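# Commentary on secondary and tertiary structure
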Amino acid sequence: MSDGPILIFDSGVGGLTVLREARVLMPDRRFVFVADDAGFPYGDWEEDALTRRLVELFGRLIAAHGPIACVIACNTASTLALDALRAAYPQMLFVGTVPAIKPAAERTRSGLVSVLATPGTVRRQYTQDLIDQWATRCRVKLVGSVALAALAERYMRGGFVDEEAVLTEIAPCFVEEDGRRTDIVVLACTHYPFLVNRMRKMAPWPVDWLDPAEAIARQAERVVSTLGTRSISGDFDPAFFTGGEPDFATRRIVHGFGLRTR
Ligand code: DGL
């Protein structure tokens with residue numbers, strides 16, 4: 001029996017969207033939040049270099065925090081390195097975050113689905129395999145955004161959103177074909193739910209914006225349900241940033257998510 005925390009990991013603040021849901025489902029679990037802000041954004045990384053970085057970083061994180069499970073709250077990292085992490089640390093339970101293509105394919109009425117993600121996630125074979133496996137009866141458009149994750153980071157720290165820039169990034173998601181229109185956009189980057197109200201406001205027509213955070217949290221709950229003791233003391237869980245002590249605005253944000261940075 002172990003009473004270690006659940007480690008929630010992302011390249012930045014996007015992982016907080018998953019932590020929020022995980023806390024709702026598992027109020028009696030301890031968490032540790034880790035953001036690899038020194039490596040942000042992951043979307044641009046060369047694949048081998050990012051895999052090596054993640055495998056090496058998780059060696060240190062597992063040793064330092066003794067988690068009962070690690071939730072990779074990042075599509076860009078999960079679609080690339082989940083297998084490598086499981087192979088490197090076979091005793092550890094990893095829960096990944098991958099584009100919600102299967103639920104989107106089940107829900108769409110028009111058959112036109114778009115997946116909004118980082119350029120890395122869009123390029124991955126893993127993402128193509130999900131489409132081939134679950135969405136052969138739909139037309140899935142992959143839309144890689146270079147700017148949205150950074151816009152979300154900026155919004156979370158300063159409250160500012162360039163709405164025209166949001167429109168530019170989401171516009172390719174909206175497809176009209178033979179009288180049908182895209183009706184679901186999969187938010188395949190954990191940063192994006194923070195901008196969803198602006199996306200809704202700027203969208204050419206209403207769509208269902210699929211945020212998988214709750215489903216990931218449920219999967220994490222299933223995976224750890226038989227593990228560890230559940231007593232916690234204190235209201236705050238620790239947060240760590242690979243770039244060192246975060247700035248004032250970031251500290252305020254993470255405090256709002258029940259995290260302390262020191
Ligand atoms: N939050 C990450 C994801 O879910 C990516 C952000 C980035 O590092 O570009 O893909």
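Given the structure is predicted, the values throughout are model-derived calculations rather than measurements.

A few words on the site of the ligand. Taken together, 14 residues lie around the ligand, and Ser11, Tyr42, Thr76, Thr190 and His191 are the ones closest in. In the model, an oxygen atom of the ligand is placed 2.9 Å from a nitrogen or oxygen of the Asn75 main chain. Side-chain polar atom of Thr76 to an oxygen atom of the ligand: 2.5 Å apart, as the coordinates give it. Considering the ligand on its own, with 300 Å² of exposed area, one finds that the protein chains cover 99% of that surface. Of the residues contributing to the shell around the ligand, the split by class is 6 nonpolar, 7 polar and 1 charged.

This brings us to the side chain of Thr261. Structurally, the position occupied by Thr261 is in the segment after β12 (259-260). With relative accessibility at 13%, the residue Thr261 sits in the buried group. Excluding residues that lie within four positions of it along the chain, Thr261 makes contacts with Ala239, Phe241, Glu245, Pro246, Arg251, Val254 and His255.

Here we come to the sheet that holds strand β5 (residues 112-117). Taken in spatial order, the 4 strands make up an open sheet running β6-β5-β9-β10, and their pairing is parallel. Each edge of the open sheet carries a strand with a single partner, namely β6 (139-144) and β10 (208-210). Put simply, the sheet's adjacent strands are angled 20° from each other on average, direction ignored. The sheet contact formed by β5 and strand β9 (residues 184-187) spans 4 bridges and is parallel. Across the sheet, residue Val115 finds its bridge partner in β9, namely Val186.

How each quantity is defined
Residues numbered from 1 in each chain as written. Predicted model: local features only at pLDDT ≥ 70, side-chain atom pairs only at ≥ 80, totals over all residues. Heavy atoms only, no water. Near = heavy atom within 4 Å. Polar contact = N/O pair within 3.5 Å; in protein donor to acceptor, adjacent residues only side chain to side chain. Areas by Shrake-Rupley, 256 points an atom, 1.4 Å probe, with all protein chains shown as cover. Nonpolar A, V, L, I, M, F, W, Y, C, P; charged D, E, K, R; others polar. Helix = DSSP H or I, 4+ residues; strand = E, 2+ residues; numbered from the N terminus. Buried < 20%, exposed > 50% of the residue type's maximum accessible area, 1.4 Å probe, protein only. Contact = heavy atoms within 4.5 Å. Pairing = 2+ DSSP bridges. Axes fitted to C-alpha atoms, helices over the stretch in contact; angles between N-to-C directions.

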